[in-house]
Amino acid sequence: MDVIEASNLVKKFEKLEAVKGVSFTVKEGEIFGFLGPNGAGKTTTINMLCTLLKPTAGRATVNGFDVTKERNKVRKSIGLVFQESTLDDYLTAEQNLSFHAYAYGIPRDVLKPRLKELLEMVELWDRRKGKISTYSGGMKRRLEIARGLLHHPRVLFLDEPTLGLDPQTRRCIWDYIHDLRRRENLAIFMTTHYMEEAENCDRIAVTDYGRIVALDTPDKLKDATGGDVISITTENNGEAVRLLEGQYKLKPGLQNGTVYFTVPHGEKFLPGFVTGFPLRLLSIGLRRPTLEDVFLKLTGHIIREQEADPMQAMRRKSMRRGH
């Protein structure tokens, strides 16, 4: 069952077209990733699906409700974790969750066991009386995930869920995400520019400059690059490139003194290549393609590093106050 359906979604800000007609669906229980750099339209897409921005054109439904015509029903169906923390630092974890429960009309007799269940799941039950100002970045993110689940949403939106966290904390956050997907059977829609993080997704929409340039499982996206990546260095890399193009009919690249090319089933290709290549090989390597290889092949450039945009944060906070 599809819990999100987007058809030709467009969002324009005056002369800037941030999202350029994206279409996709997300299934119940699926982790669906929007992978792309800063400026790819990821956050703008989430904001439209969460009713924080009105689409300029196109249509989208979440849990069967139209994001433009049935905004309140959409909001009751979703949990949302922003890039920047939206917790109240002067309140405790328990108080933050209780305030959220009040806003969603969760009865007190339902809240008490649900609050305990979620805080135990994210390993913060023992710190429930602690003020948020004493929490680390990873603890805050875990609490925000728990808050987003408090009202039993059908879809959890995570906008760059591990941005700014260290690698160990990022791995812990993903342990919680996989666990809650199993527990709650909810769809998770996430944006990221971390390649290794996107590997956690069931399907990935590769985005660039407001468009979806590919959408499939991580493995199928990698297979579409042409196979395994082989890297070699020789006494004459320029000549090696010419031989690979002419004699082997390949499309090699040369970067930082190393020649790269892709072939299907690299482990079967290598033995004959090593014995038959006319130049002396100084080094040779074989690896499966990565999502970085996928992005480079699809867009012609590497993914641009992203930092939290303070102006973007101010705009989102302003929109939340106005809704």
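Residues numbered from 1 in each chain as written. Predicted model: local features only at pLDDT ≥ 70, side-chain atom pairs only at ≥ 80, totals over all residues. Heavy atoms only, no water.

Section: helix H10 (residues 266-276)
Restricting attention to buried positions, one finds in H10 the residues Gly266, Leu270 and Phe273. The buried residues of H10 occupy an angular sector of 80° when projected down its axis, which confines them to one face. In H10, the exposed positions angled more than 90 degrees off the buried face are occupied by Lys268, Pro271 and Thr275. Of the surrounding elements, those touching the buried residues of H10 are strand E11 (228-234), helix H9 (237-246), strand E13 (258-263) and strand E14 (281-287). (Buried < 20%, exposed > 50% of the residue type's maximum accessible area, 1.4 Å probe, protein only. Helix = DSSP H or I, 4+ residues; strand = E, 2+ residues; numbered from the N terminus. Arc of directions from axis to C-beta. Contact = heavy atoms within 4.5 Å.)

A word on the confidence of the model for the chain
Looking at the chain, the pLDDT average stands at 88 and 94% of residues meet or exceed 70. The low-confidence segment residues 305-323 (pLDDT under 50) makes 33 contacts with residues lying over four places distant or belonging to another chain. (pLDDT = per-residue confidence, 0-100.)

Observations regarding the packing of helix H3 (residues 93-103) against helix H5 (residues 137-149)
In the contact formed by H3 and H5, the axes pass within 10 Å of each other and the chain directions differ by 30°. When the interaxial angle is binned, H3 and H5 end up roughly parallel. Considering the relative orientation of H3 and H5, their crossing is right-handed. Residues Ala93, Leu97 and His100 of H3 pack against Leu143, Ala146 and Arg147 of H5. Here the contact of H3 with H5 is built from residues that sort into four nonpolar, one polar and one charged. (Axes fitted to C-alpha atoms, helices over the stretch in contact; angles between N-to-C directions. Parallel < 35°, antiparallel > 145°, perpendicular 65-115°, else oblique. Left-handed = near helix turned anticlockwise from the far one by under 90°. Nonpolar A, V, L, I, M, F, W, Y, C, P; charged D, E, K, R; others polar.)

Topic: the packing of H5 against helix H6 (residues 167-184)
Each packed pair of helices is defined by two parameters, the angle between the axes and the distance between the axes. Two elements in contact, H5 and H6, have axes separated by 10 Å at closest approach and are oriented at 15°. Overall, the two elements H5 and H6 adopt an arrangement that is roughly parallel. The element H5 and its partner H6 pack so that their crossing is right-handed. Together, Gly138, Arg141, Arg142, Ile145 and Leu149 of H5 and Thr169, Ile173, Tyr176, Ile177 and Leu180 of H6 make up the contact between the two elements. For the contact of H5 with H6, the class distribution of residues is six nonpolar, two polar and two charged.

What about the pairing of strand E1 (residues 2-13)?
Pairing analysis gives nine bridges linking E1 to strand E2 (residues 16-27), with the strands arranged antiparallel. Across the sheet, the residue bridging to Lys11 is Val19, located in E2. Count of turn residues in the E1/E2 antiparallel hairpin: two residues, of which Glu14 carries a positive phi of about 55°. Summarising the sheet, E1 and strand E4 (residues 57-62) pair through five bridges and their orientation is antiparallel. Looking at E4, one finds that Val10 is bridged to Ala57. (Pairing = 2+ DSSP bridges.)

Examining the nonpolar core
In this structure, Leu143, Ile145 and Leu156 are the most contacted members of the largest nonpolar core, which totals 44 residues. When near neighbours in sequence (up to four residues on either side) are disregarded, Leu156 contacts Gly79, Leu80, Val81, Ile145, Gly148, Leu149, Leu180, Leu186, Ala187, Ile188 and Phe189. Judged by nonpolar contacts, the second largest core, of 28 residues, contains Val26, Phe32, Val74 and Ala187. (Core = buried A, V, L, I, M, F, W, Y, C linked by side-chain atoms within 4.5 Å.)

Points about the sheet that holds strand E12 (residues 253-255)
Taken together, four strands build an open sheet; the order of strands is E12-E13-E11-E14 and the sheet is antiparallel. In the strand order of this sheet, the two ends are held by E12 and E14, each with one partner. Averaged over all pairs of adjacent strands, the angle between strand axes in this sheet comes to 25°, irrespective of strand direction. Pairing analysis gives five bridges linking E11 to E13, with the strands arranged antiparallel. Within the sheet, the bridge partner assigned to Val229 lies in E13 and is Thr262. Across the face of the sheet, H9 comes into contact with E11, E12 and E13 while running at roughly 20° to E13.

Digging into the environment of Gly148
Within the secondary structure, Gly148 is located in helix H5. The class of Gly148 is buried, set by a relative accessible area of 3%. Between the C-alpha atoms of Gly148 and Gly79, which are 69 residues apart in sequence, the distance is 4.2 Å. Setting aside residues up to four positions removed in sequence, Gly148 forms contacts with Gly79, Leu80, Pro153 and Leu156.

Looking at helix H11 (residues 291-299)
Regarding H11, the residues found buried are Leu291, Asp293, Val294 and Phe295. Contact partners of the buried residues in H11: helix H7 (195-198), strand E9 (203-208), helix H8 (218-223), E11 and E14. Following H11 by one or two positions, Gly300 has its phi on the positive side, about 85°.

Brief notes about the side chain of Arg75
Secondary-structure assignment places Arg75 in helix H2 (residues 71-77). Here Arg75 occupies a buried position and makes no salt bridge, while the nearest side chain of opposite charge, Asp66, is found at 12 Å. Within the structure, the side chain of Arg75 is placed 2.6 Å from the side chain of Thr51, a separation counted as a polar contact. (Lys, Arg positive; Asp, Glu negative; His and termini not counted. Salt bridge = Lys/Arg side-chain N within 4 Å of Asp/Glu carboxyl O. Polar contact = N/O pair within 3.5 Å; in protein donor to acceptor, adjacent residues only side chain to side chain.)

Let's talk about unusual backbone geometry
Of note, the phi angle at Glu123 is positive, near 60°, even though the residue is not glycine. Mapped onto the elements of the fold, Glu123 is located in the loop between helix H4 (108-121) and H5. By relative accessible area, which is 59% here, Glu123 ends up exposed. Residues other than glycine seldom take positive phi values, yet His152 does so here, at roughly 55°. Here His152 shows up in the loop between H5 and strand E7 (155-159).

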